[in-house]
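# Inside the fold
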Amino acid sequence: MTTLTNPQKTVKPASPLDKSNSSQFSALLKRHKISADEYQRIEASIERVPTLAELGVFSAMWSEHCSYKSSRVHLKRFPTTGSDVVVGPGENAGVVRLEGKMCLAFKMESHNHPSYIEPYQGAATGVGGILRDVFCMGSRPIANLNCLRFGERSHERTSYLAKRVVKGIGDYGNCIGVPTIGGSVSYDKTYNGNCLVNAMTVGLIRDDKIFKGFASGIGNLVVYVGSATGRDGINGASMASDSFSSQESGERSTVQVGDPYAEKLLLEATLEVLEKDLVVGIQDMGAAGLTSSSFEMAGRAGNGVFFDLDKVPVRAKQMTAYEIMLSESQERMLMVIEPSKWEPLKDVLLRWGLAHAVIGEVTDTGRVICHYQGVEDINLPVAPLTDNAPMYHRLIAERVSRPIESPQLKKLSESLRSNDFAKDTFLKMLRDTGSVEPIFRQYDHHVGTKTVYGPESGGAGVLWIRSEETASLPWLGVLVSAGCNERRVKNRPLVGAADAVLTCSRKIFAAGGKPIAVTDCLNFGSAEDPTVMREFSDSVDGISAACNNLGIPVVSGNVSLYNSTDGESIHPTPMIGVVGKIDDVRRAIPAVAVKTYQLYALSPLTFNGTLVSSLAAKVASLPATEGFLPEQDWKLEKSASELLKEWIDGAKILAARDVSQGGLGLTATKMMLGSHCSQRSAKWVATNDPIFEEVGATYVIELDDKSNYETMNSQAKAKGMRLFQLTEELHMDLLKAQTSDSHLLHLPFGTLSFSEMKSYWCQAHDM
Amino acid sequence: MIQGSLNLESLRVGVVQFPGSNCDVDCVDSLNRHYGIKSKYIWHTSSTIGDVDLIVLPGRFSFGDYFRSGALASHSPVMQSVKKFADAGGAVLGICNGFQILVETKILPGMLLHNEKLQFICKPVFIKSQSSRPLKIPIAHGEGRYFADQNVLNHLEKNNLVAYRYCDENGEVSRESNPNGSLQNIAGVYSENRKVLGMMPHPERACDLLLGGSADGKEILDDFLKRIAL
């Protein structure tokens, strides 16, 4: 093979940017989202005027999306270490030890901006992108989750966005054969102009088979693998680092188009070449495509890369170097190999029918140099674009504090004493957070035959892991959950963000597992808004506090800023994903009633409920900022989770669900509505606590055997908790039981039939 | 393991792999854990299938299914051999995309169209054969609506070649229990010699009570494997 670095043909330098017309020049910079200061910095770092392609490279690499320039200073505060951490933040995905040599690789990532512009492809390629982040390390994906946020249901765009996003996620995940087993969804007017599509992938990986993105070994070949490069998604990274304006809506061409079949081929081929040890470094071409993968791989290895862009497989005519370097065409990988591995690598790629080409080689220049059609379009040092990218200490507003009490919430609390108002609120809450079945029916949640509890079970996703590496634990299980209550974060970011970690962890405790580690996807408004940066900074501290209290590290994550339209930022939404484990998955329990409607509450001795940023307040149209959230009681949280563990290990309980939105009343009702046991009637028997107030350290559980109650209650009391009955099952007249209308739930504010409740519960998602 | 004199462990099973197959591993795993069968994979470009007693065509997206599901796979080299094998009386089990490939290859009659509601559906359903109780088993497909002309339907009915029909938990075959709009609630059909079975539901996903709360898929596999092993 001929060497690429010394082409026979002579190469002309590309012409530098024309700065003679200053208004045109500043428009060019603006289009590339490069500030005047940043441009000065570019010239200083390369000691000349850049070419157009080079400006494009800087624009992509210094975008918020790639450089984390406004968030990096904060992200350093996350706790990222621990005995189970194998690969911490900064790599394609985080890795934690599961059992023996077997580890979990996982990460969550946003695809908000593309999904708002073109929801089907935006969401689909979001799934594709996070899958590649996980499998390019050598990990086989075993589960997908997604967290979606849409505008209020009455908004004209919401139904369209929700339907197309769900279809995009389904079509992509189903085709590639990774089960989608959980996530969260909500609707709020804060997302009217910016929907959120966050996708998470969890994969299995052996600790001695973890591959990283290093362009190591001078003279090694750089191989392009996967779909050909087109003009789709050019400059997507900088688009995703910008706010929207309702006046402009011509960004569709910056959205990529997904091909899940190509991804499946890429997945299998990648895992095969990694298993056969054919590559020394690998990275997917995600945001900023060939640019970010090459600069990042060169940066990590302290090397340079030479590219002959004429060799890149393209699918559009007359593409420029700028376009080839910045295209975000999907389903592509960059591999660095020793020259002797080229033939065996080619065999694998041919077998999977993947396009491939040697497009460059690793050099010792510390520069990325690109030649295309006889012109040297790019000749840039690596460091200014990676390690030395700008890092900003953005202005941060003062922390807001408000009185805990709010007159509006007091009024709401009084109104809820009226039975009619309470009933109306209850039905609205049922509709607001109703059944996600119309969504998850469109996702394959069984493929892979590991799913013990999927979305039907209402709680954490539970997978049964069978592998030779974990043969000592034949019933080993992995648990996953993801979500965030944005109203709580908006109210008090420190507490609300901690609450997101806590809620995901509670779901894992409730299913019988132990949380191991956290990933996050931090969706916020404009980085130039000091209020937003206060929310961001406090959220980071809140997440860190929760992680420290729960003893779990943050090992991967993603930041999405500029989720704002016409100057209006979304509620801060630090989406959290938690993975956990259970040694015997047969012990795991669901979050819906299994046998009876006889439910109990495990809660702190003193009722700690509040209507602050509650679901009841949301359906009463009160803003999230009414009142002030109290801090969590970590000691009680620990007591509750320890009791649950003891009872689940001892097979004392059949089902458990953490109490969050809608309080005890809604949580218990959902356990019945989601249940597969034949319908029956029940009566609420707990009378003291307000049933819609949202409480901490509380779970609704189904006891296997009522006669264990006394013992269990004493165990609870010993830990400052109590166990009390919420609902009693009613024995029915068999004749009356023939119609579903006769299955009733007697609540403190009145009686509802299950069929009426279902009519609200099933209206939640218009699919 | 199945009781009795049948030794299914020695059954030679070939599982065909198309580039986009994604239930291949699940099928091999189920046959291994529940029957001790060590299957071999057969790559789609292979023009021979070797000495086997049973060919399994696993589920899902063989070539991405952008065109009619299974249409491209039916023209792959391996399918020519599978067709010869089936014509000569060989046993074939096609699940989901495998069923789609069987009808595209005309090893089984009929067609599989887009679901009535034009949406992918993943959910547990009930199916039953003429002799079985209602069996709980998951479906996961976008194109599973069985369709055939009246002559074919008459022929299937007359010769008892409808293997499974969608029903409710009480065994009633009704409009409500039909998840995708299949004609006559057909979920699976047999070839004339009943050695070839194509079905949309996934028995390999319902062999462990732990996974989705039903092991009824095993009864389906038991029934088919016993018959072909005789």
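Everything discussed here concerns the structure shown above.
Quick caveat, the model's predicted, so the values are computed rather than measured.

Let us look at the overall build of chain B. Secondary structure assignment for chain B yields five helices and eleven strands. The C-alpha radius of gyration of chain B comes to 16 Å, within 12% of the 17 Å expected for a compact globule of 230 residues. In terms of overall dimensions, chain B has a C-alpha envelope of 45 × 40 × 35 Å along the principal axes. Relative to its full complement of 230 residues, chain B shows a buried share of 60%. Summarising the internal contacts of chain B: among those between residues at least 6 apart in sequence, 73% fall at separations of at least 24. For chain B, the exposed area adds up to about 9300 Å²; of that, 51% sits on carbon and sulfur atoms.

What follows is about the sheet that holds strand 17 (residues 477-483) of chain A. Residues and elements named next belong to chain A. Reading across from one edge, 15-16-17-22-18-19 is the order of the six strands in this open sheet, with mixed pairing throughout. Edge positions in the sheet fall to strand 15 (451-453) and strand 19 (554-560), since each has one partner strand and no second. The average angle at which neighbouring strand axes cross in this sheet is 20°, direction not considered. Relative to strand 22 (residues 573-582), strand 17 runs antiparallel, the two sharing seven bridges. Each bridged residue has a counterpart across the sheet, and for Gly-483 the counterpart in strand 22 is Ile-576.

With that settled, consider the interface of chain A and chain B. With 30 residues of chain A at the interface, the matching set in chain B holds 29 residues. Contact between chain A and chain B buries roughly 2400 Å² in total, counting both sides, with carbon and sulfur atoms accounting for 59%. When the buried surface of chain A facing chain B is broken down by residue, A:Tyr261, A:Arg441 and A:Thr449 rank first, second and third, together holding 24% of it. Here chain A and chain B share two salt bridges between them. One can count eight residue pairs in polar contact (both at pLDDT 80 or more) joining chain A with chain B. Those elements that place two or more of their residues in the side of chain A that touches chain B are helix 8 (158-176), helix 10 (260-275) and strand 15 of chain A.

Right, let's get into helix 1 (residues 22-31) of chain A. Residue and element names in this part refer to chain A. Restricting attention to buried positions, one finds in helix 1 the residues Phe-25, Leu-28 and Leu-29. Down the axis of helix 1, the buried side of the element spans an arc of 95°, and every buried residue falls inside it. More than 90 degrees from the buried face of helix 1, the exposed residues found are Gln-24, Lys-30 and Arg-31. Buried positions along helix 1 lie against helix 2 (36-46) and helix 3 (52-61). Lys-33, located one to two residues past helix 1, shows a positive phi value of around 55°.

Even without being a glycine, A:Ala697 presents a positive backbone phi close to 50°. Relative to the elements of secondary structure, A:Ala697 occurs in the loop between strand 25 (681-684) and strand 26 (699-703). Not every positive phi belongs to a glycine, and B:Gln184 is a case in point at roughly 50°. Structurally, B:Gln184 is set in the loop between strand 9 (162-167) and strand 10 (186-190). On the basis of relative accessible area, B:Gln184 is assigned to the partly exposed category, the value being 34%.

This brings us to the packing of aromatic side chains. Taken as a whole and assessed by the stated rule, the structure comprises twelve aromatic pairs over all chains. Taking the ring centre of B:Trp43 as reference, the NZ or CZ of A:Arg351 above it sits at 4.0 Å. Here the guanidinium or amino end of A:Arg680 rests over the ring plane of A:Tyr597, the centre of that ring lying 6.0 Å away.

Moving on to the nonpolar core. Nonpolar side chains tend to gather and get buried jointly when the protein is soluble and globular. Membership of the largest hydrophobic core comes to 120 residues, with the highest contact counts inside it found for A:Leu345, B:Leu54, B:Ile55, B:Ile127 and B:Leu225. Once you skip the residues sitting within four places of it in the chain, B:Ile55 turns out to touch B:Gly14, B:Val16, B:Ile42, B:Ile49, B:Val82, B:Phe85, B:Ala91, B:Val92 and B:Leu93. Membership of the second largest hydrophobic core comes to 69 residues, among which are A:Met102, A:Met108, A:Cys147 and A:Ile181.

Moving on: the sheet that holds strand 29 (residues 744-747) of chain A. Residue and element names in this part refer to chain A. In space, the four strands of this open sheet follow the order 28-25-29-30, with mixed pairing throughout. Looking along the sheet, the strands with just one partner apiece sit at the ends: strand 28 (727-730) and strand 30 (750-753). Taking the axes of each pair of neighbouring strands and ignoring which way they run, one obtains an average angle of 20° across the sheet. Bridge count between strand 29 and strand 30: four bridges; the pairing is antiparallel. From the neighbouring strand, His-746 faces strand 30, where its bridge partner is Thr-751. On top of the sheet, helix 22 (residues 663-673) reaches strand 25, strand 28 and strand 29; it is set at about 165° to strand 25, its chief contact.

All names here are of chain A. Tallied over the full model, the rule gives 60 salt bridges over all chains. Note that Asp-583 and Lys-581 form a salt bridge whose closest N and O atoms lie 3.9 Å from each other. On the basis of relative accessibility, which here comes to 45%, the residue Asp-583 falls in the partly exposed class. Linked through salt bridges whose partners overlap, the residues forming this network are Arg-97, Lys-101, Arg-206, Asp-207, Asp-208 and Glu-469.

Residue and element names in this part refer to chain A. Taking 1.5 Å per residue, 21 residues should reach 30 Å; helix 19 (residues 530-550) reaches 30 Å between its end C-alpha atoms and fits that length. Sitting at the head of helix 19, Asp-529 places a side-chain oxygen 2.9 Å from the backbone nitrogen of Thr-531. Just downstream of helix 19, Gly-551 is the residue with a positive phi angle, here 70°.

Calculation criteria
Residues numbered from 1 in each chain as written. Chains lettered and ligands numbered in written order. Predicted model: local features only at pLDDT ≥ 70, side-chain atom pairs only at ≥ 80, totals over all residues. Heavy atoms only, no water. Helix = DSSP H or I, 4+ residues; strand = E, 2+ residues; numbered from the N terminus. Rg over C-alpha atoms; globule rule 2.2 N^0.38 Å. Buried < 20%, exposed > 50% of the residue type's maximum accessible area, 1.4 Å probe, protein only. Contact = heavy atoms within 4.5 Å. Areas by Shrake-Rupley, 256 points an atom, 1.4 Å probe, with all protein chains shown as cover. Pairing = 2+ DSSP bridges. Axes fitted to C-alpha atoms, helices over the stretch in contact; angles between N-to-C directions. Buried area = accessible area lost by both parts, 1.4 Å probe. Salt bridge = Lys/Arg side-chain N within 4 Å of Asp/Glu carboxyl O. Polar contact = N/O pair within 3.5 Å; in protein donor to acceptor, adjacent residues only side chain to side chain. Arc of directions from axis to C-beta. Phe/Tyr/Trp six-rings, centres within 6.5 Å; stacked < 30°, edge-to-face > 60°. Lys NZ or Arg CZ within 6 Å of the ring centre and 35° of its normal. Core = buried A, V, L, I, M, F, W, Y, C linked by side-chain atoms within 4.5 Å. Expected span 1.5 Å × (residues − 1).

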